[in-house]
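What follows is the residue order along each chain.
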Amino acid sequence: MDGDSTPTAEVDLRVAQLQHALTSRIVVEQAKGMLAERYSLTPDEAFELIRLAARSNGLKVHALSNSVLSSPRQTPPIILDLFTTLPRKSLAPARAVENVFRQINESFLKLDHPRFICEWLRHVVHRGD
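Per chain, the residues get numbers from 1 upward, laid out in the order the sequence is written. Reporting in this predicted model follows two pLDDT cut-offs: at least 70 for local features of residues, and 80 or more for side-chain atom pairs to be given and counted; totals over whole chains, interfaces and linings ignore these cut-offs and use all residues. Working from all heavy atoms in the structure, the side-chain values ignore hydrogens and water.

With respect to the overall build of the protein
Here is step 1: Helix and strand assignments follow DSSP, with helices taken as H or I runs no shorter than four residues and strands as E runs no shorter than two, numbered in order from the N terminus. Each helix and strand counted, the protein has five helices and zero strands in total.
Here is step 2: Starting at the N terminus and ending at the C terminus, the protein contains elements arranged as α-α-α-α-α.
Here is step 3: When the 129 residues of the protein are sorted by exposure, 26% land in the buried category.
Here is step 4: Considering only contacts within the protein whose residues lie at least 6 apart along the sequence, 61% involve residues at least 24 apart. Exposed residues in this analysis have more than 50% of their type's maximum accessible area, buried residues have under 20%, and partly exposed residues fall in between, with area computed by a 1.4 Å probe over protein chains only. Here a residue-residue contact requires only that any non-hydrogen atoms of the pair lie within 4.5 Å.

This is the structure we're talking about:
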């Protein structure tokens, strides 16, 4: 350990990080539920809608989920615009395509190969999260 770092400080930091992650997850789950109910979506489709809207607008999923919760009677415009223009079928396959890229990357890792296939290059909306 270095300097000010003590086992207690490290544990406290980790607990705080886990608490933040749990709180963020609760917000996302609530937003998913609201959108699923509002638009007759499955929870997976509702999450994909939030995820795609966040990525296409350079936002964090948690921040956009907060927007959904802060206006319970009105869907944030960036989600509504995406929902009205995106065919419903496209909400489910996006995750499947990412899984294919993830499997390719994992195969490269097993081969100790230094290259990776970039998942978001296949579509502009899949940048950072």
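Concerning unusual backbone geometry
Here is step 1: Although it is not a glycine, Ser40 sits at a positive phi angle of roughly 55°.
Here is step 2: With respect to the helices and strands, Ser40 occurs in the loop between helix 1 (7–39) and helix 2 (43–56).
Here is step 3: A relative accessible area of 56% means that Ser40 is categorised as exposed.

A look at the environment of Leu80
Here is step 1: Counting through the fold element by element, Leu80 comes out in helix 4 (residues 77–85).
Here is step 2: The exposure class assigned to Leu80 is partly exposed, which follows from its relative accessible area of 32%.
Here is step 3: Those residues in contact with Leu80 that sit more than four places away from it in its chain are Tyr39 and Thr75.

Section: the nonpolar core
Here is step 1: In terms of nonpolar packing, the biggest core is built from 18 residues, with Leu35, Leu41, Leu49, Ile50, Leu64 and Ile79 touching the most fellow members.
Here is step 2: Ile79 has contacts with Leu35, Leu49, Ile50, Ala53, Leu64 and Val68, leaving out every residue within four places of it along the chain. Here, nonpolar core refers to any group of buried Ala, Val, Leu, Ile, Met, Phe, Trp, Tyr and Cys residues whose side-chain atoms link them within 4.5 Å.

A look at the side chain of Glu45
Here is step 1: Tracing the backbone shows Glu45 in helix 2.
Here is step 2: We call two N or O atoms a polar contact when they sit within 3.5 Å, provided that within protein one can donate a hydrogen and the other can accept it, with sequence-adjacent residues counted only if both atoms are side-chain atoms. From its side chain, Glu45 meets the backbone nitrogen of Thr42 in a polar contact 3.0 Å long.
Here is step 3: Those residues in contact with Glu45, other than ones at most four positions away along the chain, are Arg88 and Leu91.

Side note on the pattern of salt bridges
Pairing is possible between side chains of opposite charge, provided their charged atoms come close.
Here is step 1: The rule for a salt bridge is simple: a side-chain nitrogen of Lys or Arg has to be within 4 Å of a carboxyl oxygen of Asp or Glu. By the definition in use, this model includes three salt bridges.
Here is step 2: With a shortest N-O distance of 2.5 Å, Arg51 and Glu48 are connected by a salt bridge. Here Arg51 pairs with Glu48, and both are found in helix 2, just three residues apart, close to one helical turn.
Here is step 3: A relative accessible area of 2% means that Arg51 is categorised as buried.
Here is step 4: You can call Glu48 buried: its relative accessible area is 2%.
Here is step 5: Three or more residues are tied together by salt bridges with common partners; here these are Arg25, Glu29 and Lys32.

Worth remembering: the numbers are spatial, not functional.
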